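Spelled out, the chains give:
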Amino acid sequence: MKTWFITGGTPGGFGMAYAEAALDDGDRVALTARRPEELESWARQYGDRVLILPADVTDRKAVEQAVRATEEHFGSIDVLVNNAGRGWYGSIEGMADAEVRRIFELNFFAVLTVIRAVLPGMRARGGGWIVNMSSVAGLRGVEGFGYYSAAKSALEAVTEVLRAEVAPLGIQVMAVEPGAFRTRAYAGFADEAVEETIPTYLPMLEKVRTAMIDQDGKQPGDPRRGARAVIAAMGQETPPRRLVLGSAGFDAVVATLEGALDDIRGSAALSRGADFPVT
């Protein structure tokens, strides 16, 4: 029986999908939530196998308390799923500095806080799993969500290095990149007006916002199937370093990476010509 520590316990989201999949497998789950009262009735059906923890992952002390409470209650944390996060739209030039920092605080720095809080226990036991929920946007970038894409791209890099650093300690790490999934992620955009300091970018941002609102509830990805795919990948003899979820996301990432390779190879002579001449 494993103990999972999952951030971002929002009804209908990936956090809940992971939690239910783990519980169905007979495991135990600690789930952080900013509004824990939304999960009380759901948690009761699982008895003492579920621990709901009120925590804002951008608050380091709250994260450390939640990790400590989980370890005291269940004895250990075997699987960490960094799921909490969300995006805001805005242009690269015009988004306010405070909003840029808010995006990175939640989608990048908070993930580091949780990892650093959980790793000491995993190191002491010589094993564990860390699953970082990135995004297709972290591999290809999304117009209008440039800073969200940048934060997820930074998470990709950290995940890659972390995997190498902790592998000798028996700890495994995977990045997961969902495309468009039928969670509540797009639901709030209908109530959020576009705030942009440079009017030139407003038509682009309004188009992005409209597309998100129109797609809400129609996204092709199923969070439950997505969580199951991640668990299946974790169980493979050689787990993948990253797992893209969703057909559209998979196709977009493959096309982006193949295009990047073509672009890089097209400048091979210039790249190699930057070395000192071989004598």
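Quick summary incoming for the structure in this document. (Residues numbered from 1 in each chain as written. Predicted model: local features only at pLDDT ≥ 70, side-chain atom pairs only at ≥ 80, totals over all residues. Heavy atoms only, no water.)

1. Remarks on the overall build of the protein
Step number 1: Counting its secondary structure elements, the protein contains 10 helices and seven strands.
Step number 2: A globule of 279 residues ought to have a C-alpha radius of gyration of about 19 Å, and the protein, at 20 Å, matches this closely.
Step number 3: By its C-alpha atoms, the protein is 60 × 55 × 35 Å across when sized along the principal axes.
Step number 4: For the protein, the residues scored as buried account for 47% of the 279 residues in total.
Step number 5: Within the protein, contacts between residues at least 6 apart in sequence are counted, and of these 69% link residues at least 24 apart.
Step number 6: With an accessible surface of roughly 14500 Å², the protein has 52% of that area assigned to carbon and sulfur atoms.
Step number 7: When the 30 positive and 37 negative side-chain charges of the protein are each reduced to one mean point, those points stand 3 Å apart. (Helix = DSSP H or I, 4+ residues; strand = E, 2+ residues; numbered from the N terminus. Rg over C-alpha atoms; globule rule 2.2 N^0.38 Å. Buried < 20%, exposed > 50% of the residue type's maximum accessible area, 1.4 Å probe, protein only. Contact = heavy atoms within 4.5 Å. Areas by Shrake-Rupley, 256 points an atom, 1.4 Å probe, with all protein chains shown as cover. Lys, Arg positive; Asp, Glu negative; His and termini not counted. Charge placed at Lys NZ, Arg CZ, Asp CG, Glu CD.)

2. Some points on the packing of helix 3 (residues 60-74) against helix 4 (residues 97-125)
Step number 1: The interhelical angle for the contact between helix 3 and helix 4, taken along N-to-C directions, is 30°, at an axis separation of 9 Å. Of the possible angle classes, the one that applies to helix 3 and helix 4 is roughly parallel. Seen along the crossing, helix 3 lies across helix 4 with a hand that is right-handed. Residues Arg60, Val63, Glu64, Val67 and Glu71 of helix 3 pack against Thr113, Val114, Ala117, Val118 and Gly121 of helix 4.
Step number 2: Classifying every residue of the contact of helix 3 with helix 4 by side-chain character gives five nonpolar, two polar and three charged. (Axes fitted to C-alpha atoms, helices over the stretch in contact; angles between N-to-C directions. Parallel < 35°, antiparallel > 145°, perpendicular 65-115°, else oblique. Left-handed = near helix turned anticlockwise from the far one by under 90°. Nonpolar A, V, L, I, M, F, W, Y, C, P; charged D, E, K, R; others polar.)

3. Looking at the packing of aromatic side chains
Step number 1: On inspection of all chains with the given rule, the structure shows seven aromatic pairs.
Step number 2: Their ring planes at 35° and their centres at 6.5 Å tell us that Trp4 and Tyr18 sit as a pair that is tilted. In this pair, Trp4 sits in strand 1 (residues 3-6) while Tyr18 sits in helix 1 (residues 14-24), placing the two residues 14 residues apart along the sequence.
Step number 3: Taking 6.4 Å as the distance between ring centres and 80° as the angle between the ring planes, the aromatic pair formed by Phe145 and Tyr148 counts as edge-to-face. (Phe/Tyr/Trp six-rings, centres within 6.5 Å; stacked < 30°, edge-to-face > 60°.)

4. Focus: helix 7 (residues 202-215)
Step number 1: In this model helix 7 runs 20 Å from its N-terminal to its C-terminal C-alpha over 14 residues, within 8% of the 20 Å that 1.5 Å per residue would give.
Step number 2: Following helix 7 by one or two positions, Gly217 has its phi on the positive side, about 85°. (Expected span 1.5 Å × (residues − 1).)

5. Thoughts on the nonpolar core
Step number 1: Counting residues in each nonpolar core, the largest one holds 46 residues, and the members touching the most others are Phe5, Leu80 and Ile130.
Step number 2: Counting residues per element, this core draws most heavily on helix 4, at 14 residues.
Step number 3: Excluding anything up to four places from it in sequence, Leu80 contacts Phe5, Val114, Ile115, Val118, Met122, Trp129, Ile130 and Val131.
Step number 4: Counting 33 residues, the second largest nonpolar core, distinct from the first, contains Trp4, Val79, Ile231 and Ala233. (Core = buried A, V, L, I, M, F, W, Y, C linked by side-chain atoms within 4.5 Å.)

6. Overview of the packing of helix 1 against helix 8 (residues 223-234)
Step number 1: Between helix 1 and helix 8, the shortest axis-to-axis distance is 8 Å and the interhelical angle comes to 60°. Taken as axis vectors, helix 1 and helix 8 run oblique relative to one another. Judged by the twist between their axes, the crossing of helix 1 over helix 8 is right-handed. Residues Phe14, Ala17, Tyr18, Glu20, Ala21 and Asp24 of helix 1 touch helix 8, and the partners they reach there are Pro223, Arg224, Gly226, Ala227, Arg228, Val230 and Ile231.
Step number 2: Across the contact of helix 1 with helix 8, the residue classes break down as eight nonpolar, one polar and four charged.

7. Considering the sheet that holds strand 5 (residues 128-133)
Step number 1: Read from one edge of the open sheet, seven strands run 3-2-1-4-5-6-7, paired in parallel fashion. Strands at the two margins of the open sheet, each flanked by one partner only, are strand 3 (50-54) and strand 7 (242-245). Here the average twist between neighbouring strands, direction ignored, is 15°.
Step number 2: In terms of strand pairing, strand 2 (residues 28-33) meets strand 3 through five bridges, oriented parallel. When the bridges of strand 3 are listed, Ala30 appears paired with Leu51.
Step number 3: On top of the sheet, helix 6 (residues 146-166) reaches strand 5, strand 6 (171-178) and strand 7; it is set at about 160° to strand 6, its chief contact. (Pairing = 2+ DSSP bridges.)

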